[in-house]
Amino acid sequence: MKHKEVFQGGSGEITEKKSRFIAHVQAASSVEEAQDFIEHIKKKYWDARHNCSAFSVGLKNPVTRCSDDGEPGGTAGKPILEVIQGSGINNIVIVVTRYFGGTLLGTGGLVRAYTDAAKEGIAQSVIVEKIPARRWILETEYTDLGKIQYILAQNTITIESTEYTDKVKLHGLFPKGEEDRVKAALTEGTAGRIVMEPGAEVYYGEIGGEVIVF
């Protein structure tokens, strides 16, 4: 299934009544990775009043945890986790470091601050939508190339590369769930002349106009 993940982690900061809230965002493919990142941030910002965190690991039934790290119960970890769940991003960990500014914010103020900081951290990260697909090699005569390219474009199929020899080989990414429909259109469009060979299952996404295969 399609899902969003962190391609490149980042950090964002907000200030609320002189308290600094610095959000650190990172990808985490396991609970251990998430916990290691939290510990890393705690050591790096050892002099901060709080290092509150939340993570979500897994796709279908994600493991989620959150920590208020000394803030009043439910004012830090839970808001961060709710930002994660609302974003639809999987395999992510966020730590929000707070440097106390001398003014108490109250429970509502804390919830807003940790929520805004987590959102800012995500905004400063690179998020990618990963699409499940299968690589296919398409072999065709030159006479059918134009028709094939038109069908692929109509179905928004990504072509990774093209080889030109006595025939043409196109290496394409067919999204899961669309393979049969695209194959049928190619077979019909070339009267069965196209040769299609399945390859590996992968995920792909687009970053800054460039297709990345995972």
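Residues numbered from 1 in each chain as written. Predicted model: local features only at pLDDT ≥ 70, side-chain atom pairs only at ≥ 80, totals over all residues. Heavy atoms only, no water.

Draft legend 1. Representation of the state of the cysteines in the model. Overall, the coordinates contain zero disulfides when judged by the stated rule. Residue Cys52 stays outside any disulfide, its sulfur separated by 9.9 Å from that of Cys66, the closest cysteine. The exposure class of Cys52 is buried, given its relative accessible area of 0%. (Disulfide = S-S within 2.5 Å. Buried < 20%, exposed > 50% of the residue type's maximum accessible area, 1.4 Å probe, protein only.)

Draft legend 2. Up close: helix α3 (residues 106-123). Under the 1.5 Å per step criterion, the end-to-end length of α3 is 26 Å for 18 residues, consistent within 8% with the ideal 26 Å. When α3 is considered as a whole, its buried residues turn out to be Gly109, Leu110, Ala113, Tyr114, Thr115, Ala117, Ala118, Gly121 and Ile122. For α3, the secondary structure elements touched by its buried residues are β2 (11-16), β3 (19-27), β4 (50-57), α2 (77-87), β6 (92-99) and β7 (126-140). (Helix = DSSP H or I, 4+ residues; strand = E, 2+ residues; numbered from the N terminus. Expected span 1.5 Å × (residues − 1). Contact = heavy atoms within 4.5 Å.)

Draft legend 3. Fine view of the nonpolar core. Membership of the largest hydrophobic core comes to 23 residues, with the highest contact counts inside it found for Phe21, Ile80, Ile92, Ile94, Val96 and Tyr114. Every element with two or more residues in this core is listed here: β3, β4, α2, β6 and α3. Tallying contributions element by element places α3 first for this core, with six residues. When residues no more than four places from it in sequence are discounted, the contact partners of Ile92 are Val6, Val25, Gln26, Ala28, Ala54, Phe55, Ser56, Ile84 and Ile122. (Core = buried A, V, L, I, M, F, W, Y, C linked by side-chain atoms within 4.5 Å.)

Draft legend 4. Broad picture of the packing of aromatic side chains. Tallied over the full model, the rule gives four aromatic pairs. Arranged with centres 6.1 Å apart and planes meeting at 75 degrees, the rings of Phe7 and Phe214 form a pair that is edge-to-face. With Phe7 in strand β1 (residues 3-8) and Phe214 in the segment after β11 (210-213), this pair connects stretches of sequence that are 207 residues apart. Its relative accessible area of 35% is what places Phe214 among the partly exposed residues. Its guanidinium or amino end placed over the ring of Tyr203, Lys130 lies 5.8 Å from that ring's centre, counting from NZ or CZ. Here Lys130 stacks its cationic end above the ring of Phe214, 4.5 Å away from the centre of that ring. (Phe/Tyr/Trp six-rings, centres within 6.5 Å; stacked < 30°, edge-to-face > 60°. Lys NZ or Arg CZ within 6 Å of the ring centre and 35° of its normal.)

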